[in-house]
Amino acid sequence: MIKITKLLVLSAFASVTLLANDNSVIDFEKKRVAQNPNVKVKNIKVFYKKELELKDWNGYILELDATIQDKNMKVKDILFSDGKVIATDLYDITTGKSLKDTVTPTLSDKYYQKSKLIAGNEKAKNKIVVFSDPLCPFCTQYIPEVIDFINKNSDQIALYYYSFPLTHIHQASVPLSKLIDIAKVKNGNDILMKVYTTDWAKYFEPNSTDETIILEAFNKELGLDIKIEELNKKEINSIIEKDIAMGEDVLVSGTPTIYVNGEKDTTREKYKSLGKK
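A brief look at the structure comes next. Computed from a predicted model, the values in this text were never measured in an experiment.

## Re the packing of helix H3 (residues 173-187) against helix H5 (residues 211-222)
In helix packing, the relevant descriptors are the interaxial angle and the interaxial distance, both defined with respect to the helix axes.
Here's step 1: The contact between H3 and H5 brings their axes to 10 Å, and the two run at 40°. In terms of orientation, H3 lies oblique with respect to H5. For the crossing formed where H3 meets H5, the hand is right-handed. Counting all contacts with H3, which are made through Pro175, Leu176, Lys178, Leu179, Ile180 and Ala183, the residues of H5 involved are Glu211, Ile214, Leu215 and Phe218.
Here's step 2: Tallied by class, the residues present in the contact of H3 with H5 amount to eight nonpolar, no polar and two charged.

This is the structure:
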């Protein structure tokens, strides 16, 4: 009975210690962010916590509910702590790479929505999720390669696609992403390959905001007749907003970002190991 009591006490003490460490990280972030006069923090919480391979070190994803230049926003930040010190970043001394990618959350089943399946078999054991911008030059090479690979191994892999337009450099990717969703419903998933292999530069600049020109180019290249009214429907805007939110929840910041069986693949090559042996 004495041994059991001691174990309970030690367990409770460990829990309190872990909570204290978490609160120290939150307090540190509050003080750090408070140094910026343009940011007013309403609340900070631990969104995700992951134990690192380094002894006693944890990676924290913090979610900040803040007002930034008079705009209410939810943003995320990553910190590291061993309970004694806090670091804004850690680097692998051998590769020189930041350990922030190792803190990325794994994907939950909510990312395997049937409406997002663009290739393969939804019942397949292996599942790939990709976040992409249709005007990202890396994506225009990468996405067709992935789709082609999955089509050749369709019984073994399911491929899910989420739009993640990089609006700070490709404003035209927003209407283009909306057009993809409209066209997918009308003409099937094959439309995605056509979009990614079309040279849109001959019609408009990546930072164009003229939806009429973008729509005309899309209809011409793909032989469709989508109306401007369809492009601006509330439900279409909502789809893109949800896609972006899904990406932001797992800290997607660039494209293409790919997850293989729930884990972020920084090499972007692991999908090739899922094909026929």
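Here the narrative resumes, following the displayed structure.
## Comments concerning the environment of Ser238
Here's step 1: One can find Ser238 in helix H7 (residues 234-249).
Here's step 2: For Ser238, a relative accessible area of 23% gives the class partly exposed.
Here's step 3: Residues Ser238 and Leu192 lie 46 residues apart in sequence; the distance between their C-alpha atoms is 19 Å.

## A short note on the pattern of salt bridges
Here's step 1: In the structure shown here, the tally under the stated rule is 16 salt bridges.
Here's step 2: Between Lys116 and Asp243 there is a salt bridge, with the nearest N and O atoms lying 2.8 Å from each other. Of this pair, Lys116 sits in the loop between strand E4 (86-87) and strand E5 (117-120) while Asp243 sits in helix H7, placing them 127 residues apart in sequence. Accessibility assignment for this pair places Lys116 and Asp243 in one class, buried.
Here's step 3: Between Lys227 and Asp225 there is a salt bridge whose closest N-O contact spans 3.1 Å.
Here's step 4: With a relative accessible area of 40%, Lys227 lands in the partly exposed category.
Here's step 5: Within the structure, one salt-bridge network assembled from shared partners comprises Lys45, Glu63, Lys76 and Asp249.

## Considering the side chain of Ser132
Here's step 1: Here Ser132 lies in strand E6 (residues 126-132).
Here's step 2: A relative accessible area of 0% places Ser132 in the buried class.

## Thoughts on the side chain of Ser177
Here's step 1: Within the secondary structure, Ser177 sits in helix H3.
Here's step 2: The residues touching Ser177, leaving out its near neighbours within four places in the chain, are Pro134, Ser163, Pro165 and Ile240.

## Focus on the pairing of strand E7 (residues 157-163)
Every regular strand shows the same layout, with side chains that alternate between the two sheet faces.
Here's step 1: Across the seven residues that make up E7, a large majority, seven, are buried.
Here's step 2: Side chains Ile157, Leu159, Tyr161 and Ser163 of E7 all project onto a buried face; the interleaved residues Ala158, Tyr160 and Tyr162 project onto the opposite face, where all are buried too.
Here's step 3: Relative to E7, E5 runs antiparallel, the two being bridged by three bridges. The residue bridging Leu117 from the neighbouring strand is Tyr160, located in E7.
Here's step 4: The pairing of E6 with E7 spans seven bridges and is parallel. Note on E7: the bridge partner recorded for Phe131 is Tyr162.

## Things to note about unusual backbone geometry
Here's step 1: Put simply, Thr255 and Pro256 share a cis peptide bond, and its omega is -5°.
Here's step 2: By the element assignment, Pro256 lies in the loop between H7 and strand E8 (257-260).
Here's step 3: For Gln69, which is not glycine, the phi dihedral falls at a positive 50°.
Here's step 4: Mapped onto the elements of the fold, Gln69 is located in the loop between strand E2 (58-68) and strand E3 (71-81).

## Here's the deal with the sheet that holds strand E1 (residues 39-51)
Hydrogen bonds along the backbone pair up the strands of a sheet, which may run parallel or antiparallel.
Here's step 1: The strand order E1-E2-E3-E4 describes an open sheet built from four strands, whose pairing is antiparallel. Each of the sheet's edge strands pairs with one partner strand only, and the pair in question is E1 and E4.
Here's step 2: Both E2 and E3 contribute to a ladder of 11 bridges, which runs antiparallel. Residue pairing across strands places Gly59 opposite Phe80, the latter belonging to E3.

The rules behind the values
Residues numbered from 1 in each chain as written. Predicted model: local features only at pLDDT ≥ 70, side-chain atom pairs only at ≥ 80, totals over all residues. Heavy atoms only, no water. Axes fitted to C-alpha atoms, helices over the stretch in contact; angles between N-to-C directions. Helix = DSSP H or I, 4+ residues; strand = E, 2+ residues; numbered from the N terminus. Parallel < 35°, antiparallel > 145°, perpendicular 65-115°, else oblique. Left-handed = near helix turned anticlockwise from the far one by under 90°. Contact = heavy atoms within 4.5 Å. Nonpolar A, V, L, I, M, F, W, Y, C, P; charged D, E, K, R; others polar. Buried < 20%, exposed > 50% of the residue type's maximum accessible area, 1.4 Å probe, protein only. Salt bridge = Lys/Arg side-chain N within 4 Å of Asp/Glu carboxyl O. Pairing = 2+ DSSP bridges.

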